[in-house]
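Observations on the model geometry
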Amino acid sequence: MTATDHERYADDVGAYLLGALPELEAQIFERHLMGCGACRDELERLRLAADALPGSVEAFEPPPSLKRSLMEVVEAEARERSPAAAPSPPPRRRLGLPRLQTLRPQLAWAAAALVLVGGAIGFGVDRLARGGSGDRVLSASVDPAVFPRGSARLEVHGQSRPATLRVSGLRVLGSGGVYEVWTRRGGTVRPAGALFAVGNDGSGVAAIPGGVKGVDEVLVTRERAGGATRPTEPPVIRVRV
Amino acid sequence: LIGPKDIHRLADEELMELVAAGDAGAFEVVYDRHGGAAFSLAYRMVGNRTVAEDISQEAFLSIWRSRVRYQRERGSVRSWVLGIVHHRGIDALRRNLVHDRRRASAEGIEERLEAPQRTDLEVARRDEAQTVRAAIGELPDQQGKVIQLAYFGGFTHTQIAEMLEMPIGTVKGRMRLGLEKLRRTLNEEVAL
C-alpha cells in the first residue's frame, strides 16, 4: 500500500457507503480497504452519517399481508429445520423466491444411495439416477482449489418444477457474502433467483424456482449480500444439466 | 427457556442469537421492530408499494436464511437490516424493476400508509427523522443532491456525473464532503 494508492481511492469512501460504486469498482475498493488503514478509519467515521440516512425517511406502515406471507415461509422453514418436525405441505408464497430447507433424512438416505449406485465421487458431472417421472440427481463439479472438500448435487424434479441444489464442504462466507445460483442457456447467464448461505458444518440448500427447462448449466458464485445481477467471479460450482 | 412474553424484552442482538438457532418467534419480533423502517426505506427508494413489499420480503427472507451472518461488532441490527434493504432497493432500481422511476416525495405518494404514532419509541424515531432531515437540509445544495441521488435514487457516481454535468471526481468528492458534514451536524445534535 502506497500513499499514491490511498490518494487514488480516498474519494471512493463516500460513494461506496452510498452504494454509488458499480459492482466491480466496489470490489476493487473493498480489496483496497483490506490494506489501507486510513480508508478503513474514514469508512467507519463516515458510516455513522450514511447509517443515519434511512432515519430521514417518512414512516409508513407495511401492509399486514407482508408480515403474514413472510411468517408463513419462516414458520414452515423453522418446522422443516426442527428434527421432530412432521412433514408439512409447502407454504404459499407471494414471491417465487428460493426456499432453503434442511435435508429430510429419508431424502438424504435416498440421495446417498444414488451416489453409491452411480459411483460418482468428486469432480465431474455424472447423471446418478433417472426416475420414471423425470426425477434426476446430478452431481456437480466443485472447484477443488477453492473448496477442497466441497461437493454438490442438483435434484431435478421434472423440467419445469423447482430444482434443489444441495452443497456440502463449503465455507461460511464473511459478513456481506452470499452464494448466488445462476443458470446458463447457451452463452447467456442469468440469476436463478436463489441466494444461499451455508451453516457452520459447510452444508446448505438452495431451490431454483423456475426449474431447469432449457438450462445447459447451473452455476454458483460468491457474491456480496443481496446478490449481483451478473457473476463477478468464475463459478465455484458447476452442474451440467 | 424464554417464553413468548419474555422474548419481547430481549435486545435486538440477543434476538439475533435466537434467530441464528432457527427461532421463528424471535425473527417475528425482529420484523415487528424493523419491518416498518425497512418498508419505508424501500418505498422511499422505489416509490411503488408493490415493489417495496417485494424488496422488504426478499430482504427479511435473506436475513432469516443467512442469519448466521449478523455480527454485532459491525453495528446495530437495525443498521444491518436497513443496509440489506438498501442493497436490494438499489438492485431493483438498477435492474429496472421499477419502471416508473419517480421517487416518492412527500407530495407524490398516492397511497398514504402513514404509521400511527403508537409508542414513545415511535415518537423518538419521528424526532430523529426530523433531525436527520434538517441535517440533510443544511448541506450545501450540490452535496445534498448527490447524496440523495445516490442513496435513495440508486444512481451510480457515473450516472450522477452525467445528470449534473460535473466530473466524476467532483461527484465523489461532494459525496464524501457531504457525509462528513452530515456526521458533524448529527454529532453536534447529539452533544446538545
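Higher on the page you've got the structure.
Cut-offs and rules
Residues numbered from 1 in each chain as written. Chains lettered and ligands numbered in written order. Predicted model: local features only at pLDDT ≥ 70, side-chain atom pairs only at ≥ 80, totals over all residues. Heavy atoms only, no water. Contact = heavy atoms within 4.5 Å. Buried area = accessible area lost by both parts, 1.4 Å probe. Salt bridge = Lys/Arg side-chain N within 4 Å of Asp/Glu carboxyl O. Polar contact = N/O pair within 3.5 Å; in protein donor to acceptor, adjacent residues only side chain to side chain. Helix = DSSP H or I, 4+ residues; strand = E, 2+ residues; numbered from the N terminus. Nonpolar A, V, L, I, M, F, W, Y, C, P; charged D, E, K, R; others polar. Buried < 20%, exposed > 50% of the residue type's maximum accessible area, 1.4 Å probe, protein only. Phe/Tyr/Trp six-rings, centres within 6.5 Å; stacked < 30°, edge-to-face > 60°.

**Examining the interface of chain B and chain A**
In this complex, chain B contributes 68 residues to the contact, which on the side of chain A involves 63 residues. The contact between chain B and chain A buries some 6,000 Å² in all, and 61% of this surface belongs to carbon and sulfur atoms. Between the two partners, chain B and chain A, sit seven salt bridges. In this structure, E42(A) and R176(B) form a salt bridge, with 3.0 Å as the shortest nitrogen-oxygen distance. Where chain B touches chain A, the interface holds 14 residue pairs in polar contact (both at pLDDT 80 or more). If you list the elements that add at least two residues to the side of chain B that touches chain A, you get α3 (24-46), α4 (49-65), α5 (77-94), α6 (120-137), α7 (141-151) and α9 (168-191) of chain B. Considering every element that reaches the side of chain B that touches chain A, the biggest residue donor is α3(B), with twelve residues. Considered class by class, the residues forming the side of chain B that touches chain A number 29 nonpolar, 15 polar and 24 charged.

**Here's the deal with the environment of G186(A)**
Residue and element names in this part refer to chain A. By the secondary structure assignment, G186 is in the loop between β6 (177-185) and β7 (188-196). Given a relative accessible area of 36%, G186 falls into the partly exposed group. Put simply, G186 and V215 are 29 residues apart on the chain and 8.1 Å apart in space, counted from C-alpha to C-alpha.

**With respect to the packing of aromatic side chains**
Taken as a whole and assessed by the stated rule, the structure comprises ten aromatic pairs over all chains. Residues Y179(A) and F196(A) carry aromatic rings whose centres are separated by 5.3 Å and whose planes lie at 20° to one another, so their mutual orientation is stacked. Of the two residues, Y179(A) sits in strand β6 while F196(A) sits in strand β7, which places them 17 residues apart along the sequence. For the pair Y179(A) and F196(A), one class covers both residues: buried. Every member of this aromatic cluster is reached through a ring pair, and the members are F27(B), Y31(B), F60(B) and W64(B).

**Examining the side chain of D12(B)**
All names here are of chain B. Here D12 shows up in helix α2 (residues 12-20). The buried category is assigned to D12, whose relative accessible area is 14%. With sequence-adjacent residues up to four places away left out, D12 is seen in contact with R33, H34 and V77.

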